[in-house]
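Below, each chain spelled out in residue letters.
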Amino acid sequence: VQLQAYGGGLVQAGGSLRLSCTASGRTFSDYSMGWFRQARGKEREFVAGISWSGDSTYYAISVKGRFTISRDNTKNTVYLQMNSLKPEDTAVYYCAATGPRLRLRVEEYDYWGQGTLVTVSS
């Protein structure tokens, strides 16, 4: 499956952004999806995940209550709504696809998008 992430940009602290990731090539609803991020000089980390049906979601503690992951299987798209952004949220954000079960680790995801940069200014 091919993934294309977009929606990043520059935003002030306290602001909001919505990232989108569109999939093509295979049946989107076969996959649970995740958003990860990688800040400069740091390892890639899990941000949020959603099951293939959208019934289950999971968030990193650092974003819980501020970010919301959702998906529209009719549009082959997964979203990440980011509110109350902080400078420490600055990173390249990646969407990724795994199997039917929701996973939390980088190595458990098979397909990756190219990343979109989110910069939060203080």
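Per-chain numbering applies: the sequence of each chain, read as written, is numbered from 1 onward. Reporting in this predicted model follows two pLDDT cut-offs: at least 70 for local features of residues, and 80 or more for side-chain atom pairs to be given and counted; totals over whole chains, interfaces and linings ignore these cut-offs and use all residues. Working from all heavy atoms in the structure, the side-chain values ignore hydrogens and water.

A.B. asks: Help me understand the sheet that holds strand β8 (residues 77-82) in this model?
C.D. replies: Whenever strands of a sheet pair, they do so through backbone hydrogen bonds, lying parallel or antiparallel. Here, a strand pair is defined by DSSP locating no fewer than two bridges between the strands. Each helix is a run of H or I in the DSSP string that is no shorter than four residues. Each strand is a run of E no shorter than two, and both are numbered from the N terminus. Read from one edge of the open sheet, 4 strands run β1-β3-β8-β7, paired in antiparallel fashion. Looking at the sheet topology across the chains shown, the edges are occupied by β1 (2-6) and β7 (67-72). Within this sheet the neighbouring strands show an average axis-to-axis angle of 15 degrees, counted without direction. In the sheet, β7 pairs with β8 via 6 bridges, with the strands oriented antiparallel. By the bridge assignment, Phe 67 is partnered in β8 with Met 82. Note on definitions: angles span 0 to 180 degrees between N-to-C directions of axes, and those axes are lines fitted to C-alpha atoms, for helices only across the stretch in contact.

A.B. asks: Quick question: what am I supposed to make of the packing of aromatic side chains here?
C.D. replies: Between two aromatic rings, the relevant description is the distance of the centres plus the angle of the planes. Only Phe, Tyr and Trp rings are paired, with Trp represented by its six-membered ring, and only when their centres lie within 6.5 Å; those with planes under 30 degrees apart are stacked, over 60 edge-to-face, the remainder tilted. Tallied over the full model, the rule gives 7 aromatic pairs. On the basis of an interplanar angle of 85 degrees and a centroid distance of 5.9 Å, the ring pair of Tyr 31 and Tyr 111 is categorised as edge-to-face. With Tyr 31 in the loop between β3 (17-24) and β4 (33-38) and Tyr 111 in strand β10 (residues 111-112), this residue pair connects regions lying 80 residues apart in the sequence. Think of it in three bands: residues with accessible area under 20% of the maximum for their type are buried, residues over 50% are exposed, and the middle band is partly exposed, with areas taken using a 1.4 Å probe on protein chains only. Classification of Tyr 111 by relative accessible area gives partly exposed; the value is 24%. Each ring, one from Tyr 109 and one from Trp 112, has its centre 6.2 Å from the other, and the planes form 55 degrees; the classification is tilted. For Tyr 109, a relative accessible area of 5% translates into the label buried. Put simply, the rings of Phe 36, Phe 46, Tyr 58, Tyr 94, Tyr 109 and Trp 112 touch in pairs and so form one group of aromatic residues.

By themselves, these are just geometric observations and shouldn't be taken as functional.
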